[in-house]
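Structural features, examined
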Amino acid sequence: MINLDITGFYYRIPVEPSGITTVLDLLNAARGSRAPNGGVLDFRLDFSGEFIETIAVEYDDRSNPESRQENLSSAFPKRRPQGLYSFTDDVTDPANRIVNPGRVPGLHAWQYYIFDAGNQLRSRFGPSGERGIAPVVNSDQPPFGVALNDGDTVVWRLVGIFGLNHFFDFHRNHLISSSRGRPVGFKSAIKTLTESGIDLTGLAAE
């Protein structure tokens, strides 16, 4: 089986692997089917027809939308009320694929990750370790795509991506601090971020 997991929606469904090689194949196979907890999936492609714009899961009175990540000792696991849960990303036009300084504060985008049966990440890295992402329509194509295998899990997350100036402010004011909780110098913060491998010339939506 190949598992499809929508983070935050409490949705996970196993799908028969026959005939499935791309992420879009998997989404189409799961679409309209009832997951073990009762959730029913729908989705919409974006303007390009290559990426996901909207993911939605509906829970009705036959559903039990309960978090699988709750501590096993908890007597009160987290549950979603019945209803329709839907998120649409902010990538509504080609210009927003790149977040440039001063234009937008950032965006939200749906991103997928492919894990093998041993929970090792298979997607998002090219042959030399460079990062990238393949569109869902050809997520089996190199350099960043891989064909789905029996035992894989595809995890979808809606992620936030900062514009450059807002990224600076966030790290300076909230994340980059000394062990005693005092902000360090801005130049030190930039040096720390750069040494961490973060490209500060502009942040691209992956």
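Residues numbered from 1 in each chain as written. Predicted model: local features only at pLDDT ≥ 70, side-chain atom pairs only at ≥ 80, totals over all residues. Heavy atoms only, no water.

Attention now goes to unusual backbone geometry. Of note, the bond from Pro142 into Pro143 is cis; its omega dihedral lies within 30 degrees of zero at 10°. Along the polypeptide, Pro143 turns up in the loop between strand 7 (106–115) and strand 8 (153–162). Backbone geometry places Tyr10, a non-glycine residue, at a positive phi of 60°. Within the secondary structure, Tyr10 sits in the loop between strand 1 (2–6) and strand 2 (11–15). Note on Tyr10: relative accessible area 18%, which makes it buried. One non-glycine residue, Asn119, lies in the positive phi region at around 65°. If you trace the backbone, Asn119 turns up in the loop between strand 7 and strand 8. (Helix = DSSP H or I, 4+ residues; strand = E, 2+ residues; numbered from the N terminus. Buried < 20%, exposed > 50% of the residue type's maximum accessible area, 1.4 Å probe, protein only.)

Read these as layout, nothing more, since geometry by itself doesn't imply function.
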